[in-house]
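Descriptive analysis of the structure
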Amino acid sequence: MKKITNLLLVLMLMGSIVSLAFAVEADEGNQGNPVDDESNDPVNETGSPKKHHFDNETEREVGIMNNSLGARIRLLQLEKALLTNILKGVMTIQVLKGLNVTTSELEEILENLSDVLDAVRAVDPTANDSVLVFVQLKNDSRNLTKQFRDSLRSLLDNETIAMIKEQLKNMTSDELQNCSMRLRHWIRQFNHNQLYRLYSFIGETNTSVINDYINGNISLDLVKLQLHKMVNQMTKEKRHMIFSEVKEENIKKKIHTQAMLEDIGRHGEGNGHGKPN
């Protein structure tokens, strides 16, 4: 039972940073792929975003945007997803032109995606409406990506699409790599701040571990292991005290996130870049 309680406590302590720790792997491609078939995009049959519907992913993303650093990270993740999809779209169109396929519709969609990218880059992460604008632009990005994918499927057979997908593997650009580096920097900074906050619950701070993490010398998994060892050495009373404090903090965070989502719902989720087919 003690092991279960310890594990639960560690999970709650780490919950506020785990979503960021795996952000590079889990979140950067979440706007869909212009070539792959992704049936889980939150859009209805017309290709428009579902009004006032927020999936778990959006709720989790918005959850860290209660400060400008969290907002900056989400906007950078959206920027990287757009850069990736635009790059894949450009290369796809080049292949299609080599096959003498008409690409005017795809090029128009790609121009709209570029407009969304410009809009994302123009967002001020410190502005009061940054969360609303992020959700709107994210939905516009998904909508346009779905349009590109649907249009591509209407032009080509599955074999040709598979051939294009193979050519797009491991593609990158200097611009994309630069965006990844900036994103990694801000994620580490965010987690650095969160680690200090988590250590404040415990009552002692291992500065050397935090510095090793921020400098890239150790992984977040090793930091979690160190926290787990600290929890194991606590008295039962201290574990329950921390458990209560973290639980209260998470409840406040949940309430704040729901309030932001309700505000977004009142203003609408889409900006209109993605036109229904």
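Residues numbered from 1 in each chain as written. Predicted model: local features only at pLDDT ≥ 70, side-chain atom pairs only at ≥ 80, totals over all residues. Heavy atoms only, no water.

**Overview of the overall build of the protein**
The following threshold applies: Helical segments are the DSSP runs of H or I of at least four residues, strand segments are the runs of E of at least two, and each set is numbered from the N terminus. For every residue, the accessible area obtained with a 1.4 Å probe (protein chains only) is divided by the maximum for its type, and the residue is called buried under 20%, exposed over 50%, and partly exposed between those limits. Per-residue and other accessible areas follow the Shrake-Rupley method at a 1.4 Å probe size, with only the shown protein chains counted as cover for residues.
Across its full length, the protein holds 11 helices and 0 strands. Listing each helix as α and each strand as β along the protein from the N terminus yields α-α-α-α-α-α-α-α-α-α-α. By the burial criterion, 48% of the 277 residues in the protein qualify as buried. Element-wise, carbon and sulfur atoms account for 50% of the exposed surface of the protein, whose accessible area totals about 14,200 Å².

**Brief notes about the packing of aromatic side chains**
To be explicit about the condition: What counts as a ring pair is set by centres within 6.5 Å for rings of Phe, Tyr and Trp (its six-membered ring), and what kind of pair is set by the plane angle: stacked under 30 degrees, edge-to-face over 60, tilted for all other angles. Consider the ring centre and the ring normal. A charge sits over the ring if Lys NZ or Arg CZ is within 6 Å of that centre and within 35 degrees of that normal.
Throughout the structure, instances matching the rule amount to 0 aromatic pairs. Here R72 stacks its cationic end above the ring of W186, 5.0 Å away from the centre of that ring. The side chain of R188 reaches across the aromatic face of Y213, ending 5.0 Å from its centre.

**Examining the pattern of salt bridges**
Put simply, the rule is: When a carboxyl oxygen of Asp or Glu lies within 4 Å of a side-chain nitrogen of Lys or Arg, that pair is called a salt bridge.
With the rule as written, the count across this model stands at 8 salt bridges. Notably, a salt bridge pairs E175 with R121, separated by 2.7 Å at the nearest N-O pair. On the criterion of sequence distance, the pair formed by E175 in helix 8 (residues 174-202) and R121 in helix 5 (residues 104-122) is long-range, its members being 54 residues apart. The class for R121 is partly exposed, based on a relative accessible area of 39%. Across the salt bridge formed by K169 and E166, the nearest N and O atoms sit 3.3 Å from each other.

**Things to note about the environment of D124**
Along the polypeptide, D124 turns up in the loop between helix 5 and helix 6 (130-155). Overall, D124 belongs to the partly exposed group, its relative accessible area being 40%.

**What about a negative patch on the surface?**
Formally: Every patch collects residues that have over 30% relative accessible area and no salt bridge, joining them within 9 Å if they carry like charges and within 5 Å if they are nonpolar side chains (Val, Leu, Ile, Met, Phe, Trp, Tyr). Here the positive residues are Lys and Arg and the negative ones are Asp and Glu; neither His nor the chain ends is included. By convention, the charge on Lys lies at NZ, on Arg at CZ, on Asp at CG and on Glu at CD.
Taken together, the side chains of E105, E108, E111, D115 and D118 make up a negatively charged region of the molecular surface. One can find D115 in helix 5.

**Thoughts on the nonpolar core**
Convention followed: For this analysis, a nonpolar core means a set of buried residues of the types Ala, Val, Leu, Ile, Met, Phe, Trp, Tyr and Cys, connected via side-chain atoms within 4.5 Å. A contact between two residues is defined here by any heavy atoms of the two lying within 4.5 Å.
Core analysis: the biggest nonpolar cluster contains 48 residues, and L82, L96, V120, L137 and L156 have the highest contact counts within it. Contributions of two or more residues to this core are made by helix 4 (68-98), helix 5, helix 6, helix 7 (158-168), helix 8 and helix 11 (236-267). Ranked by residue count, the leading element in this core is helix 4, at 13 residues. Not counting chain neighbours up to four residues away, the residues in contact with L156 comprise L96, V101, I161 and I164.

**Quick look at the packing of helix 5 against helix 6**
Here is the rule we go by: Every axis corresponds to a line fitted to the C-alpha atoms, with the helix fit spanning only the stretch in contact, and the corresponding angles, defined between N-to-C directions, vary from 0 to 180 degrees. Angular relationships are summarised with four words: roughly parallel below 35 degrees, roughly antiparallel beyond 145, roughly perpendicular across 65 to 115, and oblique for the angles in between. Here a crossing is taken to be left-handed if its near helix is turned anticlockwise relative to the far helix by less than a right angle, and right-handed if that turn runs clockwise.
Two elements in contact, helix 5 and helix 6, have axes separated by 10 Å at closest approach and are oriented at 165°. One way to sum up the angle between helix 5 and helix 6 is to call them roughly antiparallel. You can see that helix 5 and helix 6 cross each other, and the crossing is left-handed. Of helix 6, the residues touching helix 5 (which contributes E105, L106, I109, L110, N112, L113, V116, A119 and V120) are L137, D140, S141, L144, T145, Q147, F148, S151, L152 and L155.

**Let's talk about the side chain of K138**
How we decide: Side-chain atoms alone can form a polar contact between residues adjacent in sequence; in general such a contact is a pair of N or O atoms within 3.5 Å, and within protein one must be able to donate a hydrogen while the other accepts it.
Tracing the sequence through the fold places K138 in helix 6. Residue K138 is classed as buried on the basis of its relative accessible area of 1%. Here the side chain of K138 touches E61 through a polar contact of 2.5 Å, side chain to side chain.

**Describing the confidence of the model for the protein**
The following threshold applies: As a per-residue measure, pLDDT reflects the predictor's confidence and takes values from 0 up to 100.
For the protein, the average pLDDT comes to 78, and 77% of its residues sit at 70 or higher. Here helix 2 (residues 23-26) is the element of the protein with the lowest mean pLDDT, 36, and helix 5 is the one with the highest, 97. Here residues 39-52 scores under 50 on pLDDT; set against residues more than four positions off or in separate chains, the count is 25 contacts.

**A short note on the packing of helix 4 against helix 7**
Which entries qualify depends on this criterion: Classification used: nonpolar for Ala, Val, Leu, Ile, Met, Phe, Trp, Tyr, Cys and Pro, charged for Asp, Glu, Lys and Arg, polar for all others including Gly.
Between helix 4 and helix 7, whose axes approach to 10 Å, the crossing angle comes to 130°. By the angle between their directions, the pair helix 4 and helix 7 is classed as oblique. For the element pair helix 4 and helix 7, the recorded crossing hand is right-handed. The residues of helix 7 that touch helix 4, namely those facing K88, M91, T92, V95 and L96, are M163, I164, Q167 and L168. Of the residues assigned to the contact of helix 4 with helix 7, the class counts are 6 nonpolar, 2 polar and 1 charged.

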